[in-house]
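Fold and geometry: a report
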Amino acid sequence: DSEADVMRFAAAGIATYQPFDFERQATLPDGKIVTVAFSLAFASPADTPRAAFFTCHNKFPANFWKPAFQLHDNGAVGVREVVLVALEPLALSAFAAGFTGNASSPIEMGISAACGSHALTVLTPRAFARRFNGAAIDLDQGPRLGAIVIGTRGERRGITMAENASG
């Protein structure tokens with residue numbers, strides 16, 4: 001419910017925007033034409049111009065969530081964690097709690113807030129580099145997204161830098 005999410009975010013002191021609604025016609029594998037439609041509720045952490053978040057309301061889930069659509073050749077089975085990088089991770093505790101609906105917990109050189117079986121984590125640049133093979137993130141414009149951890153089936157493991165991820 002995007003409207004409810006916007007109200008929940010605003011009540012938590014998070015910058016919000018009007019929900020963004022869109023839809024289109026899609027062709028199912030059997031040739032049937034259906035409508036897929038979504039409503040996004042955006043939220044932004046304060047003083048973080050290079051990172052934004054949203055929740056997504058799927059208005060016709062029966063037309064979109066098909067088992068065949070969830071199989072990817074790359075082995076991906078879903079997003080497990082979103083990782084931000086900030087000089088002061090504790091400064092994003094209120095955002096993490098307000099966005100996920102769960103209190104953030106301290107972790108080594110950062111914080112993490114559960115979001116179902118997933119997590120929103122904020123790390124210092126040093127902790128991020130240690131965890132992601134020395135990767136550095138430019139924080140000249142404030143905290144920003146550093147990584148998306150994707151669960152995979154099988155033995156696929158490793159780190160792929162964004163500039164090398166196409167294809």
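Residues numbered from 1 in each chain as written. Predicted model: local features only at pLDDT ≥ 70, side-chain atom pairs only at ≥ 80, totals over all residues. Heavy atoms only, no water.

Another point: the pattern of salt bridges. Per the counting criterion, the structure on display carries four salt bridges. In this structure, the salt-bridge partner of Glu108 is Arg130, at a minimum N-O distance of 3.0 Å. Of this pair, Glu108 sits in the loop between strand E6 (105-107) and strand E7 (110-115) while Arg130 is found in helix H4 (residues 125-131), placing the two residues 22 residues apart along the sequence. (Salt bridge = Lys/Arg side-chain N within 4 Å of Asp/Glu carboxyl O. Helix = DSSP H or I, 4+ residues; strand = E, 2+ residues; numbered from the N terminus.)

Attention shifts here to the environment of Ile107. Mapping Ile107 onto the fold places it in strand E6. Along the sequence, Ile107 and Thr121 sit 14 residues apart, while their C-alpha atoms lie 9.0 Å from each other. Once you skip the residues sitting within four places of it in the chain, Ile107 turns out to touch Ser112, Thr121 and Leu123. (Contact = heavy atoms within 4.5 Å.)

Another point: the nonpolar core. Grouped together as the largest cluster of nonpolar side chains are 17 residues, with contacts concentrated most on Leu84, Phe95, Phe99 and Leu120. Taken together, the elements giving at least two residues each to this core come down to helix H1 (2-11), strand E3 (33-44), helix H3 (93-100), E7 and strand E8 (118-123). Residues contacting Phe95, with those up to four places away along its chain left out, are Ile14, Ala43, Ser44, Pro45, Phe53 and Leu120. Val83, Leu123, Phe132 and Leu139 belong to the second largest nonpolar core, which has nine residues in total. (Core = buried A, V, L, I, M, F, W, Y, C linked by side-chain atoms within 4.5 Å. Buried < 20%, exposed > 50% of the residue type's maximum accessible area, 1.4 Å probe, protein only.)

Glancing now at the side chain of Ser39. Tracing the chain through its elements places Ser39 in strand E3. We classify Ser39 as buried; its relative accessible area is 5%. In terms of polar contacts, Ser39 uses its side chain to reach the side chain of Asp21, at 2.5 Å. When neighbours within four sequence positions are excluded, Ser39 is seen to be in contact with Ser2, Pro19, Phe20, Asp21, Thr55, Cys56, His57 and Lys59. (Polar contact = N/O pair within 3.5 Å; in protein donor to acceptor, adjacent residues only side chain to side chain.)

This part covers a nonpolar patch on the surface. Judged by side-chain polarity, Val79, Ile148 and Ile150 come together as a nonpolar surface patch covering roughly 270 Å² of accessible area. Along the chain, Val79 turns up in strand E5 (residues 76-85). Using a relative accessible area of 41% as the deciding quantity, one classes Val79 as partly exposed. (Patch = residues over 30% accessible without salt bridge, like charges linked within 9 Å, V, L, I, M, F, W, Y side chains within 5 Å. Areas by Shrake-Rupley, 256 points an atom, 1.4 Å probe, with all protein chains shown as cover.)

Counting buried positions along E8 gives five out of six residues, so the element sits mostly inside the fold. Bridge analysis of E5 against E8 gives five bridges, and the strand direction is parallel. Bridge pairing links Leu84 to Val122 in E8. In terms of strand pairing, E7 meets E8 through six bridges, oriented antiparallel. Each bridged residue has a counterpart across the sheet, and for Gly110 the counterpart in E8 is Leu123. The antiparallel hairpin formed by E7 and E8 contains two residues in its connecting segment, where Gly116 sits at a positive phi of about 65°. (Pairing = 2+ DSSP bridges.)

Positive phi, normally seen in glycine, also occurs at Asp47, with a value near 55°. Within the fold, Asp47 resides in the loop between E3 and strand E4 (53-58). Of note, Met109 is a non-glycine position whose phi angle comes to about 55°, a positive value. With respect to the secondary-structure elements, Met109 resides in the loop between E6 and E7. Residue classification places Met109 among the partly exposed positions, given a relative accessible area of 23%.

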